[in-house]
Amino acid sequence: MLFFVSLALLNGVLIGASRTINGQLGTRAGAFRASVWNHVVGFVFLSAVLLVLRTWPDVTDVPVAAYAGGVFGALFVAVNSYVFPRLGAMSASVLVISGQVLSAVVIDCVQQGTLPAPVRLAGVALVLLGLSLPRITARLRRKDP
């Protein structure tokens, strides 16, 4: 389990770095061009990995609706490339993570067919509060004389 937790944390670090890099590219080339370059380079990298591993995915084995993930991923990169330099890394990250937490609750509810337990809702509220603390404290500092 520790391996998967470490891997998830590393993934978060890589996402943060990727957003910053794509945000800089987005200010120079535009959000959609930054997204195209992100995905072209990613495609080349993953293709090389698959060639080294001598495996290739069977695209006929995937439900058509699964390809929506690619559309969402491309929009995610494009939108992040646009908003990151305008909102700053912290604000943009907090908003993105908040959206991910809220959508995760909805997805779990739909998949499980039940409402989340009050303890889980309290946990989500604490996570969202924790994500909001930097913005709240920054506002309070600006109001102090």
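Treat the numbers as computed from the prediction; the structure is a model and nothing was measured.

(A) Looking closely at the packing of helix 1 (residues 2-29) against helix 2 (residues 31-53). The contact between helix 1 and helix 2 brings their axes to 7 Å, and the two run at 130 degrees. The angle between helix 1 and helix 2 falls in the class oblique. As for how helix 1 packs across helix 2, the hand of that crossing is right-handed. Residues S18, N22, L25, G26 and A29 of helix 1 pack against A31, R33, A34, W37 and N38 of helix 2. The residue makeup of the contact of helix 1 with helix 2, split by class, is 5 nonpolar, 4 polar and 1 charged.

(B) Highlighting unusual backbone geometry. For R54, which is not glycine, the phi dihedral falls at a positive 55 degrees. Counting through the fold element by element, R54 comes out in the loop between helix 2 and helix 3 (68-87). When its relative accessible area of 78% is taken as the criterion, R54 is described as exposed.

(C) Representation of the environment of I136 within the structure. Mapped onto the secondary structure, I136 falls in helix 5 (residues 118-143). Owing to a relative accessible area of 37%, I136 belongs among the partly exposed residues under this scheme. C-alpha separation for the pair I136 and Y82, spaced 54 residues apart in sequence, amounts to 24 Å.

(D) Looking closely at helix 5. Taking 1.5 Å of rise per residue, the 26 residues of helix 5 would be expected to cover 38 Å, and the 35 Å separating its terminal C-alpha atoms lies within 8% of that figure. The sharpest bend along helix 5 measures roughly 40 degrees and falls at S132, with the proline P134 sitting one to four residues further on. Among the residues of helix 5, V124, L128 and L131 are the ones counted as buried. On its buried face, helix 5 is in contact with helix 4 (89-112).

(E) Spatial organisation of the side chain of N22. With respect to the helices and strands, the residue N22 is situated in helix 1. Ignoring sequence-local partners within four residues, the contact set of N22 consists of A34, N38, V77 and S81.

(F) Fine view of helix 2. For helix 2, spanning 23 residues, the distance from its first C-alpha to its last is 33 Å, which sits close to the expected 33 Å at 1.5 Å a residue. Of the positions making up helix 2, those classed as buried are A31, A34, S35 and S47. Contact partners of the buried residues in helix 2: helix 1 and helix 3. In the stretch just after helix 2, R54 is the one whose phi turns positive, near 55 degrees.

Procedures and definitions
- Residues numbered from 1 in each chain as written.
- Predicted model: local features only at pLDDT ≥ 70, side-chain atom pairs only at ≥ 80, totals over all residues.
- Heavy atoms only, no water.
- Axes fitted to C-alpha atoms, helices over the stretch in contact; angles between N-to-C directions.
- Helix = DSSP H or I, 4+ residues; strand = E, 2+ residues; numbered from the N terminus.
- Parallel < 35°, antiparallel > 145°, perpendicular 65-115°, else oblique.
- Left-handed = near helix turned anticlockwise from the far one by under 90°.
- Contact = heavy atoms within 4.5 Å.
- Nonpolar A, V, L, I, M, F, W, Y, C, P; charged D, E, K, R; others polar.
- Buried < 20%, exposed > 50% of the residue type's maximum accessible area, 1.4 Å probe, protein only.
- Expected span 1.5 Å × (residues − 1).
- Bend = angle between axes of the 7 residues up to and from the residue.

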